[in-house]
Amino acid sequence: MPDEQTTTPGGDTGESKAFSPDIPFETPGFFLRGSASLDWGMKNRLSRIFNPKSGRTVMLAFDHGYIMGPTTGLERIDLNIVPLCDHVDVLMCTRGILRSCVPPSCTKPVALRVSAGATILKDLSYEHVGVDIEDAVRLNAAAMAVQVYVGGEHEHDTLENLTKTIDAGNRVGIPTLGVTAVGREMVRDARYLGLSCRIIAELGAHYIKTYYCEKDFEQVTSACPVPIVIAGGKKLPELDALKMCYNAVQQGAAGVDMGRNIFQADNPVAMVKAVCAVVHELTPPADAYQMYQDMCHQA
Ligand code: R5P
């Protein structure tokens, strides 16, 4: 068992590591980090998720109900979320919400939440894979999302959920999004997030969702051989959320998978447009916030 106090994300003692964040990760033959050796179907789905021009994505996460029920902003998916779908690159949701609320004429790629089994009333890490691969194919999923609790009580089970999903997805060409869930006892710092992201990548996930951390986030992205997108987390003031997006992409994130900071914003459509400007065009956060305010005043 390594000593946590002296262990870096790589498991070695000492803090100096050759992360070389200034040296771009080579992506020969395909625009996306770590994806050049994948099959055509995988690459095609990843090209629908990540914009091949910017290399980044804005995913709208609205899968929260599978653990939280009708949380603020998700009480009525038909009224609050469906109008946002045209403005984002990817939809992230459960199959229940997809079938019941999202029109099948919507052609946005879907990152299907496939792990489940616990709620906010219980131990969240006690999940299993709740969707079989045939149903993911039937729903035309562009990716499958699995939550992993590195260091959690059910770490082993969640890592097994991940690897089983990756194997099933590899058989049919659907990429897996590994989601780094952070248990209550864990600290969201570069050491923990770097450890978690790297483990998930080593097990074969095609891209990873994690949290942004103020210090050394570029070490998390540098040491991860596949793309990282950040979750938004709890609602922040809009300008702060835009700053977080900007800092994350400047430090190597390939976009965002954002929920509450979009659908709980005062004007969700304006917010999603501002987030897209930051992620795809690297618009500075102050300018994107001005855009947001202008759109709010016009509404
Ligand atoms: C939580 O249930 C999901 O994994 C969300 O998709 C994730 O936390 C991103 O949403 P938010 O930006 O609200 O944190």
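Up top is the structure.
I will try to describe carefully the structure that is included in this document.

Definitions and limits used
- Residues numbered from 1 in each chain as written.
- Predicted model: local features only at pLDDT ≥ 70, side-chain atom pairs only at ≥ 80, totals over all residues.
- Heavy atoms only, no water.
- 1 Å grid on protein atoms, 1.4 Å probe; cavity = no way out; pocket = protein on both sides within 12 Å on 5 of 7 lines; lining within 4 Å.
- Points joined across faces, edges and corners; volume = space filled by probe spheres on them.
- Helix = DSSP H or I, 4+ residues; strand = E, 2+ residues; numbered from the N terminus.
- Nonpolar A, V, L, I, M, F, W, Y, C, P; charged D, E, K, R; others polar.
- Near = heavy atom within 4 Å.
- Polar contact = N/O pair within 3.5 Å; in protein donor to acceptor, adjacent residues only side chain to side chain.
- Areas by Shrake-Rupley, 256 points an atom, 1.4 Å probe, with all protein chains shown as cover.
- Sits in = over half its atoms within 2 Å of the grid points.

### Structural notes on the layout of surface pockets
Alright, step 1. Reported here for the largest pocket is a volume of approximately 1100 Å³.
Alright, step 2. Residue lining of the largest pocket: 43 residues in total, with Val 182, Arg 188, Tyr 211, Gly 233 and Arg 260 positioned closest to the centre.
Alright, step 3. Listed by contribution, the elements that provide at least two residues to the lining of the largest pocket are helix H2 (65-68), strand S7 (176-180), strand S8 (207-210), helix H9 (238-250) and strand S10 (255-258).
Alright, step 4. Ranked by residue count, the leading element in the lining of the largest pocket is H9, at 4 residues.
Alright, step 5. Each residue belonging to the lining of the largest pocket can be placed in one class, and the counts come to 17 nonpolar, 11 polar and 15 charged.
Alright, step 6. As for the second largest pocket, its lining consists of 27 residues, and the residues nearest its centre are Pro 24, Phe 25, Arg 33, Gly 252 and Ala 253.
Alright, step 7. Those elements that provide at least two residues to the lining of the second largest pocket are helix H8 (217-222) and H9.
Alright, step 8. Sorting elements by how many residues they give to the lining of the second largest pocket places H8 first, with 3 residues.

### Comments concerning the site of the ligand
Alright, step 1. Lining the immediate surroundings of the ligand are 14 residues, of which Asp 63, His 64, Lys 209, Gly 259 and Arg 260 lie closest.
Alright, step 2. A distance of 2.6 Å separates an oxygen atom of the ligand from a polar side-chain atom of Asp 63.
Alright, step 3. A distance of 2.7 Å separates an oxygen atom of the ligand from a polar atom in the side chain of Arg 260.
Alright, step 4. Considered on its own, the ligand offers 360 Å² of accessible surface; in the complex 95% of this is hidden by protein.
Alright, step 5. In a pocket analysis with a 2 Å cut-off to the grid points, the ligand is assigned to the largest pocket.
Alright, step 6. Here the shell around the ligand is built from residues that sort into 4 nonpolar, 5 polar and 5 charged.

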